[in-house]
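# An overview of the molecular structure
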Amino acid sequence: LKVIAAMGLNVKNTTKGFIIDDEIIKLELPRTKVSKTNVLELKDSIREKLDYIDHRYLSLVDLAYDNTANRDFEIQTIDLLINELDFKGVRLGESRKPDGIISYDINGVIIDNKAYSKGYNLPINQADEMIRYIQENQSRDEKINPNKWWENFEEKVMKFNYLFVSSSFIGGFKKNLQHIADRTGINGGAIDVENLLYFAEELKSGRLSYKDSFNKYINDEIKMSLSV
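Here the structure is a predicted model, which is why all the values come from computation and not from measurement. (Residues numbered from 1 in each chain as written. Predicted model: local features only at pLDDT ≥ 70, side-chain atom pairs only at ≥ 80, totals over all residues. Heavy atoms only, no water.)

### Overview of the packing of aromatic side chains
Quick reminder of the rule: Only rings of Phe, Tyr and Trp enter the pairing, Trp through its six-membered ring, and a pair is recorded when the two centres are within 6.5 Å. The plane angle decides the type: under 30 degrees is stacked, over 60 is edge-to-face, the rest tilted. Put simply, DSSP marks the helices as runs of H or I at least four residues long and the strands as runs of E at least two long, and each gets a number from the N terminus on. Under the scheme applied here, a residue whose accessible area is under 20% of the maximum for its type counts as buried, over 50% as exposed, and between as partly exposed, the area being computed with a 1.4 Å probe on protein chains only. Two conditions define a charge sitting above a ring: the NZ of Lys or the CZ of Arg must be within 6 Å of the ring centre, and it must be within 35 degrees of the ring normal.
This structure, assessed with the given rule, holds 14 aromatic pairs. Measuring from ring centre to ring centre gives 6.4 Å for F87 and Y104, while their planes differ by 80 degrees; the resulting arrangement is edge-to-face. On the criterion of sequence distance, the pair formed by F87 in the loop between helix 4 (70-84) and strand 3 (88-91) and Y104 in strand 4 (residues 100-104) is long-range, its members being 17 residues apart. Overall, the relative accessible area of 32% leaves Y104 in the partly exposed class. The interplanar angle of 15 degrees and the centroid separation of 4.4 Å between the aromatic rings of Y104 and Y210 together place this pair among those described as stacked. In this pair, Y104 is assigned in strand 4 and Y210 in helix 8 (residues 210-213), connecting sequence segments 106 residues apart. One aromatic cluster is present, formed by Y116, Y120, Y162, F164, F169 and F173 through successive ring pairs. Residue placement shows R132 over the ring face of Y133; its charged tip is 5.9 Å from the ring centre.

### A closer look at unusual backbone geometry
Phi is positive for L122, which is not a glycine, with a value near 50 degrees. Turning to its location among the elements, L122 is positioned in the loop between strand 5 (107-114) and helix 5 (124-139).

### Overview of the sheet that holds strand 8 (residues 220-221)
What counts is decided by this rule: Between any two strands, pairing holds if DSSP finds at least two bridges. Whether two residues touch is decided by their heavy atoms; if any such pair falls within 4.5 Å, the residues are in contact. Only the stretch in contact is used when fitting a helix axis, every axis being a line fitted to C-alpha atoms; angles between N-to-C directions are given from 0 to 180 degrees.
Ordered by their spatial adjacency, 6 strands build an open sheet running 3-4-5-6-7-8, and the pairing between neighbours is mixed. What marks the edges here is a single partner per strand, and that holds for strand 3 and strand 8. Each of strand 6 (159-166), strand 7 (188-192) and strand 8 is contacted by helix 6 (residues 173-184), which is oriented at about 160 degrees to strand 6, the strand it contacts most. Sitting on the sheet, helix 7 (residues 193-205) touches strand 6 and strand 7, and the angle it makes with strand 7 is about 105 degrees.

As structure tokens, then:
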């Protein structure tokens with residue numbers, strides 16, 4: 001308390017304890033490492049809000065915060081989207097392919113999963129990798145990429161977005177989301193695992209239409225407000 005006061009902050013002793021009676025501008029608290037206890041608490045919090053989504057998908061929370069679980073995180077994310085929901089799609093996840101794709105009617109999404117215990121900041125090299133996937137899908141030239149991963153989209157899919165899925169998003173990721181859109185003309189977004197499950201809940205409950213779900217790709221973090 002003496003150190004805080006020496007910094008020039010006004011400390012008061014109240015019936016509720018000590019408080020700082022000054023407005024602190026631009027103070028950003030660092031994220032703490034997510035422990036197993038924190039993950040369990042997050043899962044319990046999410047569980048209470050899921051009435052329509054099978055609770056086995058809460059395992060996505062564990063995978064998202066496990067740096068060694070990228071492959072399983074990819075598989076489980078696509079499983080949620082195509083087996084629990086009504087998207088069509090496939091997990092790709094091999095060399096020179098995005099982690100997965102989904103589609104609904106004429107709309108398609110290119111997905112990149114990142115399992116990070118401390119949050120994902122979307123570095124420029126990985127933003128450029130997404131740009132490459134988008135441009136390959138736009139040109140569909142097997143000379144550029146002979147594995148032709150884009151053929152996994154149905155022929156009727158004509159409109160595209162991109163999506164990053166991770167435990168949480170930190171740092172300057174929004175700038176690089178916009179960088180991708182500026183380079184490709186394609187809008188996308190980022191969604192953390194908690195909001196991914198809420199996104200699924202809103203779709204399965206019918207409170208969010210599949211058509212309207214594609215309006216959420218505005219080169220920003222996708223945050224869901226449950227309509228309960």
